[in-house]
Amino acid sequence: MNSVEGFSDTSHDPPVRGFLHRPESPSGDSLVLTHGAGGNARMGLLVALAEAFAGAGFAVLCCELPFRQQRPYGPPRPGDAVRDREGLKHAAAAMRKLFPGRIFLGGQSYGGRQASILIAETPVAERSGAEHAAAKGKPLADGLLLLSYPLHPPGHPEKPRTEHLPKIEVPVMFVSGTRDPFGTIEEIESARKLIPATSLLLPVEGAGHDLGFTGKKKREELPGAVLETFLKFFI
C-alpha cells in the first residue's frame, strides 16, 4: 500500500518541506510537484496526481515553495521567484539522494513556470560541486510536467512568458485546459515549438486554469489520463 509522510530537509536554505508519497512497489523514479501562486502542497490536483503516480511506482514529493513556507496565504511577491527556484533545486537534490532512478520536476501554473525557468537556467554543463556529486553529468531533472502553464496574463497574449523556453534541454509535457485564460491550446502549441527538446501537449476539454480541481470538485479521470500520457511520452 502506498504511504504518505511529512517531509523536511533543513540542510539547505531555503529548506525543503512538503509531503512524500512513497509507492508500495517503487520503480526508483521520482517526481517533484509544486503548487501555483494561490495554492499549497496539499491542493487537490497535486494530491490526486501524486496518488496516481505513486500507484505506478513513482516516489512523489508534493513540495511547498519557500514563499508559501513563509506565508500560509496570498500570492508570491515580485522578489520571491529566485528563492522559490532555489527551493525547487534543493527539492530535486533531496530526491536524487533518496531515489536512484530518473527525476522529473513539475507543478501547476506558477510552480510549473518556476520549474521550467530553473531547468532553463541550469544546463548540464554548469552542474558541479559536492551537492550534486552523485548526479554529475545529469540534468537537474530528466523531464518537466507543466500543469496549466501560465503562458501570459489573462487577456494579455502580447505579454508571453516564453523567453526561457529555447534554453530547455529536457523533454516537456504540458497539460492545459481548453478554457484556460492564461493560454489557449493554440498558443501553447506555438510556444512549445520554441523548446528544442521534445514536447507534448495534453489538452483537457472544457477545463479552465484549475483543470477541474477547485474546492471539493475533482475531475476524476484526469490523474489517470495524465499518468497514461506521461508514461507513453517519457518511458
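The structure this text deals with has already been given above.
Per chain, the residues get numbers from 1 upward, laid out in the order the sequence is written. Confidence filtering applies because this is a predicted model: local features only for residues at pLDDT of at least 70, side-chain atom pairs given and counted only at 80 or more, and all residues used for totals across whole chains, interfaces and linings. To get the side-chain values, all heavy atoms of the structure are used, and hydrogens and water are removed first.

A word on the sheet that holds strand 1 (residues 3–9). Pairing between the strands of a sheet comes from backbone hydrogen bonds, and it takes one of two forms, parallel or antiparallel. Strand pairing is defined by DSSP finding a minimum of two bridges between the two strands. Here a strand is any run of E in DSSP of at least two residues, a helix any run of H or I of at least four, and the numbering for each starts at the N terminus. Within the open sheet, the eight strands sit side by side as 1-2-4-3-5-6-7-8. Their pairing is mixed. Two strands close off the open sheet at either side, each with one partner strand: strand 1 and strand 8 (199–204). Adjacent strand axes in the sheet meet at a mean angle of 20° when their direction is disregarded. Where strand 3 (residues 30–34) and strand 5 (residues 103–108) come together, five bridges link them in parallel fashion. Paired with Leu33 across the strands is Gly106, a residue of strand 5. Axis definition: a line fit to C-alpha positions, over the contact stretch in the case of helices; interaxial angles, taken between N-to-C directions, run 0 to 180 degrees.

Just to be clear on terms, a salt bridge is a Lys or Arg side-chain nitrogen sitting within 4 Å of an Asp or Glu carboxyl oxygen. This structure, assessed with the given rule, holds 10 salt bridges. When the shortest N-O distance is used, the salt bridge between Asp29 and Arg102 registers 2.9 Å. Of the two residues, Asp29 is situated in the loop between strand 2 (16–22) and strand 3 and Arg102 in the loop between helix 3 (81–98) and strand 5; the sequence distance between them amounts to 73 residues. The cut-offs for exposure are 20% and 50% of the maximum accessible area for each residue type, with area from a 1.4 Å probe on protein chains only; residues under the lower value are buried, those over the upper are exposed, and the others partly exposed. By relative accessible area, Asp29 is classed as buried at 11%. Taking the shortest distance from any N to any O, the salt bridge between Asp80 and Arg71 comes out at 2.6 Å. Taken individually, Asp80 and Arg71 each receive the classification buried, so the pair is uniform in this respect.

In this model, helix 1 (residues 44–55) (12 residues) spans 17 Å end to end at C-alpha, consistent with the 16 Å of a helix rising 1.5 Å per residue. Taken together, the buried positions of helix 1 are Leu45, Leu46, Ala48, Leu49, Ala50, Ala52, Phe53 and Ala54. The contact rule is simple, with two residues in contact once any of their heavy atoms fall within 4.5 Å. On its buried face, helix 1 is in contact with strand 2, strand 3, strand 4 (59–64), strand 5, strand 6 (143–147) and helix 6 (222–234). Positive phi shows up at Gly57, right after helix 1, with a value of about 100°. For a helix, the expected span equals 1.5 Å multiplied by the residue count minus one.

The next subject is the pairing of strand 2. Successive residues of a regular strand alternate their side chains across the two faces of the sheet. Of the strand pairs in this sheet, strand 1 and strand 2 are connected by seven bridges, and their pairing is antiparallel. By the bridge assignment, Ser3 is partnered in strand 2 with Arg22. Between strand 1 and strand 2, which follow one another and run antiparallel, lie six residues. Relative to strand 4, strand 2 runs antiparallel, the two sharing five bridges. Bridge pairing links Phe19 to Cys62 in strand 4.

Its place among the elements puts Ile188 in helix 5 (residues 185–192). Ile188 gets classed as buried once you look at its relative accessible area, which sits at 1%. Excluding residues within four positions of it along the chain, Ile188 makes contact with Tyr149, Leu151, Phe174, Ser176, Gly183 and Leu201.

Time to look at the packing of aromatic side chains. Aromatic rings from Phe, Tyr and Trp, with only the six-membered ring used for Trp, were paired whenever their centres fell within 6.5 Å, and each pair was classed as stacked if the ring planes differed by under 30 degrees, edge-to-face if by over 60, and tilted otherwise. On inspection of all chains with the given rule, the structure shows 10 aromatic pairs. Relative to Tyr110, the ring of Phe67 lies with its centre 5.7 Å away and its plane at 90°, an arrangement referred to as edge-to-face. Taken together, the residues Phe67 in helix 2 (residues 66–70) and Tyr110 in helix 4 (residues 110–121) connect sequence positions 43 residues apart. When its relative accessible area of 12% is taken as the criterion, Tyr110 is described as buried. Between Phe233 and Phe234, the ring centres sit 4.7 Å apart and the planes meet at 70°, which makes this aromatic pair edge-to-face.

On their own, these measurements won't tell you what the molecule is for.
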